[in-house]
Each structure stands twice: as C-alpha cells, then as structure tokens.
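# Survey of secondary and tertiary structure
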Amino acid sequence: MNTIHHLSQYALQELKDSYSEHEIECICRIVYMDVLHYTNIDIHLRKNEILDESFINKFIGIVRLLKSGSPIQYILGETGFAGLRFKSTPSALIPRPETEELVRWVGEWLKPGNRLLDVGSGSGCIGISLARLCQGAHVTGVDISPEAIELARENAILNGVKAEFLLRVRRVAAQGLADLQRAGGAIVGVGRGINAVL
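Cut-offs applied
- Residues numbered from 1 in each chain as written.
- Predicted model: local features only at pLDDT ≥ 70, side-chain atom pairs only at ≥ 80, totals over all residues.
- Heavy atoms only, no water.
- Axes fitted to C-alpha atoms, helices over the stretch in contact; angles between N-to-C directions.
- Helix = DSSP H or I, 4+ residues; strand = E, 2+ residues; numbered from the N terminus.
- Parallel < 35°, antiparallel > 145°, perpendicular 65-115°, else oblique.
- Left-handed = near helix turned anticlockwise from the far one by under 90°.
- Contact = heavy atoms within 4.5 Å.
- Salt bridge = Lys/Arg side-chain N within 4 Å of Asp/Glu carboxyl O.
- Buried < 20%, exposed > 50% of the residue type's maximum accessible area, 1.4 Å probe, protein only.
- Core = buried A, V, L, I, M, F, W, Y, C linked by side-chain atoms within 4.5 Å.
- Pairing = 2+ DSSP bridges.
- Phe/Tyr/Trp six-rings, centres within 6.5 Å; stacked < 30°, edge-to-face > 60°.
- Expected span 1.5 Å × (residues − 1).
- Arc of directions from axis to C-beta.

### Describing the packing of helix H2 (residues 21-35) against helix H4 (residues 53-67)
- Running from amino to carboxyl end, H2 crosses H4 at an angle of 140°, the nearest separation of the two axes being 12 Å. Taken together, the axis directions place H2 and H4 in an arrangement best described as oblique. Judged by the twist between their axes, the crossing of H2 over H4 is right-handed. Taken together, the residues of H4 that come into contact with H2 (itself represented by Ile-27, Cys-28, Val-31, Tyr-32 and Val-35) are Phe-55, Lys-58, Phe-59, Ile-62 and Leu-66.

### So, the pattern of salt bridges
- As enumerated under the stated definition, the model contains seven salt bridges in all.
- Here Glu-78 makes a salt bridge to Arg-85, at a shortest N to O gap of 2.9 Å.
- On the basis of relative accessibility, which here comes to 27%, the residue Glu-78 falls in the partly exposed class.
- On the accessibility criterion, Arg-85 (39% relative accessible area) is partly exposed.

### A short note on the nonpolar core
- Core analysis: the largest hydrophobic core is formed by 23 residues, its most contacted members being Tyr-32 and Phe-59.
- Contributions of two or more residues to this core are made by helix H1 (4-15), H2, H4 and helix H5 (72-76).
- It is H4 that contributes the most residues to this core, seven residues altogether.
- Contacts of Phe-59, omitting those with residues within four sequence positions, involve Leu-7, Tyr-10, Ala-11, Cys-28, Val-31 and Tyr-32.

### A closer look at the pairing of strand E1 (residues 78-81)
- Judged by which residues are buried, E1 turns out to be one-sided: Thr-79 and Phe-81 face inward and are buried, whereas Glu-78 and Gly-80, on the alternate face, are not.
- Linking two consecutive strands that pair antiparallel, namely E1 and strand E2 (residues 84-87), is a turn of two residues; a positive phi of about 55° is found at Ala-82 within it.

### Re the packing of aromatic side chains
- Inspection of the entire model under this criterion finds four aromatic pairs.
- When the ring of Phe-81 is compared with that of Phe-86, the centres are 6.1 Å apart and the planes differ by 75°; the resulting orientation is edge-to-face. With respect to burial, Phe-81 and Phe-86 carry one shared label: buried.
- Of the aromatic side chains, those joined through ring pairs into one cluster are Tyr-32, Phe-55 and Phe-59.

### Structural notes on helix H8 (residues 146-158)
- End to end, H8 covers 18 Å across 13 residues, agreeing with the expected 18 Å (1.5 Å per residue, within 8%).
- Looking only at H8, the buried set comprises Ala-148, Ile-149, Leu-151, Ala-152, Asn-155 and Ala-156. Within H8, the buried residues cover an arc of 160° as seen down the axis, which keeps them to one side. Residues of H8 that are exposed and point over 90 degrees away from its buried face: Glu-147 and Ile-157.
- In the core, the buried residues of H8 are packed alongside E2, helix H7 (125-133), strand E4 (138-143) and strand E5 (164-167).
- One or two residues past the end of H8 sits Gly-160, with phi positive at roughly 65°.

Printed below as a string of structure tokens:
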C-alpha cells in the first residue's frame, strides 16, 4: 500500500460503511490535493508512483479519523468557500455550498460603503467572502463563541480583508439593527440558530 491507487482502494474498503464510493473518492482527492499539493491531473498521472512513507502514515491516520466521524475539513484544518481558503475547527460550523449561493446573492447588490452585519459569523466565511467581493463595504461579524471570533479574525487576515469580528454574549440590540438598516446595510445570518436573511 504505497501508491495513490493502493491508498484509494484502502480508503474505499475502510470507509464503505460510512460514506458512498463517490464521497470516498472526493475525500481522497481533497487529501491528495491538500497534503501532496497535487492537481487532479497529477493524481491521475502519478497514481502508480511510490509515495513517501510519512504521507502514507498521515493518510492512514486521516482515514482512521474519518472512520471515527471527524469531518475532513476539521482533520485538515481548512476548507474552501467561495473561491477562498478558510481555517476550519470544531469551534465553528463547516461552510456549506448553499451558503455560497447566499454570498453570491448578497454580493450582487452590496456596494462600497454599505454596512453588513454577519450574525452568528462562526469562521467568518460569509462576511469575509462579501468583503472580498465588495471592497469598501463595512463588514462586522458577531458571534457568542470566543473561539469562533478568534477563528474569524484569523481567516480575515488569511484572506487579506478588513472585517471586524466582535464577541456578543447577548442578542444584538434592536436599535442597532434598525440603525444598520436605515444606513443601507444588510443583516446576514446562517450560523447556529440563525435561519434568516434580513
């Protein structure tokens, strides 16, 4: 078990009770691209090359963690969202593809100078992605988790955007929301317990 082909077969065997064959293939591709820095073409062209033992051991460890129920994004410590890279830890939900649709929709009307409040910001993926789409928008994210706020701040730096992330222990004041709306801002929230766009 020392090639991409063999490791993929190993993963298929070990994970078949938890994932579909297609999901396992996708996870393997993510690992090869993230850890080996291979492209899709590299994966196919180099599938029979002998791999370094350290990578083989890492791959086996990743499969064990997947088998125990850990998401690949938490195992690798990062994920992609809206064309950007984000650190990913259990302190925040993993960004979902449907949320990228929300970002595209809000990004269509967001203008420089607009204010955006990202409620339940978690990793900051929504606010940071919108700040990248519309440079000059004023993005503020709030969350009740200090760990999530720290993660969002790290992700803002990682993606080179200016966004403010604040810890809120209680709900955002209704007056502050009204002020934001009067100023032409938007409130976006899809985090834990938030299921609306205002």
